[in-house]
Amino acid sequence: KATSERFFRDYLGGLSTPTRLGLARPEDGPQDPSREHPELHVALSAPEMEILRAFTKRHGLTVNTVLQGALAQVLGRYTGGTDVVFGVTTSGRSAPVAGIERMVGLFINTLPLRAQWSGAEPVTRWMRALQSQQAEVRAHEATPLYEIQRWSAVIKAANIKAD
């Protein structure tokens, strides 16, 4: 637990503002209909998926990293920032838990993905760093989200209840 606490305090260090899109929340009361956003479902065609797979293979990336990196960039555009955090769900099955291969049940967890960029680095280099960083986070994937939140300055600064 102490190792994970040090890791997440360092990983989220210097971040004191949550990534907020500026959209109304249900607890804020009735929303302005002009601020509602439609859903958009997108499916890649087989040739598009092959292009994506070839890109990831050529640059030593996973499709997951490319999609998470793209989401981080979209969030950055919406927030005007270059340091965003959002939750990613993990299966939890690679967690370093003794005997996990004989256990039955869900091990899913939500972990923070922090993406930072300057805009000066090539996107493929940035994505490889993001992928490497996520591998480090996964080494702590058995850490409960409520603990990570408790260790984060974001929760304290935003006056958010972490439980």
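Structure: see above.
An account of the accompanying structure is given in this report. Since the structure is predicted, the reported quantities are computational estimates derived from the model, not experimental observations. (Residues numbered from 1 in each chain as written. Predicted model: local features only at pLDDT ≥ 70, side-chain atom pairs only at ≥ 80, totals over all residues. Heavy atoms only, no water.)

**What about the overall build of the chain?**
Note the threshold: Helix and strand definitions here come from DSSP, where helices need a minimum of 4 consecutive H or I residues and strands a minimum of 2 consecutive E residues; each element is numbered from the N-terminal end. Relative accessibility under 20% of the residue-type maximum defines a buried residue, over 50% an exposed one, and the middle range a partly exposed one, all with a 1.4 Å probe and only protein chains included. The contact criterion used is simple: two residues touch if any of their non-hydrogen atoms lie within 4.5 Å. A 1.4 Å probe and the Shrake-Rupley method give the accessible areas. Residues count as covered only by the protein chains that appear here.
The helix and strand inventory of the chain stands at 6 helices and 2 strands. When its helices and strands are written in sequence order, the chain yields α-α-α-β-β-α-α-α. Of all 163 residues assigned to the chain, the portion counted as buried reaches 28%. Contacts in the chain between residues at least 24 apart in sequence constitute 66% of all its contacts with a sequence separation of at least 6. Here the chain has roughly 10800 Å² of accessible surface; of this, 56% comes from carbon and sulfur atoms.

**Notes on the packing of aromatic side chains**
Applied cut-off: Pairing of aromatic rings covers Phe, Tyr and the six-membered ring of Trp, with a centre-to-centre limit of 6.5 Å; geometry is then stacked below 30 degrees between planes, edge-to-face above 60, and tilted otherwise.
Under the counting rule described, the total for this entry stands at 4 aromatic pairs. Between the aromatic rings of F7 and F8, the centroid separation amounts to 5.0 Å while the plane-to-plane angle is 80°, which identifies the pairing as edge-to-face. An identical accessibility class is assigned to F7 and F8; each is buried. Taken together through their ring pairs, the aromatic side chains of F7, F8 and Y11 make up a single cluster.

**Structural notes on the environment of F8**
Relative to the helices and strands, F8 resides in helix α1 (residues 2-11). Residue class for F8 comes out buried when judged on its relative accessible area of 1%. Each residue touching F8, except ones within four places of it in the same chain, is listed here: G13, L111, P112, V137, H140, T143, I148 and W151.

**Some thoughts on the pairing of strand β2 (residues 109-116)**
Quick note on the threshold: A pair of strands is treated as paired once DSSP finds two or more bridges between them.
Of all 8 residues in β2, 6 are buried; the element is thus mostly enclosed. Pairing of strand β1 (residues 83-90) with β2, which is carried by 8 bridges, proceeds in the antiparallel orientation. Its bridge partner being in β2, V84 is matched across the sheet by A115.

**Side note on the side chain of E141**
As a reminder of what qualifies: In summary, the charge assignment counts Lys and Arg as positive and Asp and Glu as negative, without counting His or the chain termini. In the sections that follow, a salt bridge refers to a side-chain nitrogen of Lys or Arg positioned within 4 Å of a carboxyl oxygen of Asp or Glu. Counted as a polar contact is a pair of N or O atoms within 3.5 Å, where, for protein atoms, one must be capable of donating a hydrogen and the other of accepting one, and residues adjacent in sequence contribute only when both atoms are in side chains.
You can see E141 is positioned in the loop between α4 (123-138) and α5 (145-151). Although E141 lies buried, it forms no salt bridge, and the closest oppositely charged side chain, R138, sits 4.4 Å away as judged by the N-O distance. One polar contact links E141 to T90, side chain to side chain, over a distance of 3.2 Å.

**Here's the deal with the pattern of salt bridges**
Summed over all chains, the structure comprises 4 salt bridges. Put simply, E147 and R150 hold a salt bridge, and the shortest N to O gap is 2.4 Å. Note that E147 and R150 are positioned in helix α5 at a spacing of 3 residues, about one turn of the helix. Assessed through its relative accessible area of 9%, E147 is described here as buried.

**A few points about the environment of A72**
Position of A72 relative to the elements: it lies in helix α3 (residues 63-79). With relative accessibility at 0%, the residue A72 sits in the buried group.

**Points about helix α2 (residues 46-59)**
Stated formally: Helix span, as expected, comes to 1.5 Å for every residue beyond the first.
In a regular helix each residue adds 1.5 Å, so 14 residues correspond to 20 Å; α2 covers 20 Å between its end C-alpha atoms and thus fits that length. Following α2 by one or two positions, G60 has its phi on the positive side, about 70°.

**Let's talk about the nonpolar core**
The line we're drawing: In this text, buried Ala, Val, Leu, Ile, Met, Phe, Trp, Tyr and Cys residues form a nonpolar core when linked through side-chain atoms within 4.5 Å.
Counting 14 residues, the largest nonpolar core has A72, V84, F86, L113, A115, W117 and W126 as the members making the most contacts within it. Looking at this core, the elements with two or more residues in it are α3, β1, β2 and α4. Setting aside its immediate chain neighbours within four residues, A72 contacts V84, F86, A115, W117 and W126. Core analysis: the second largest hydrophobic core is formed by 10 residues, F8, L111, V137 and W151 among them.

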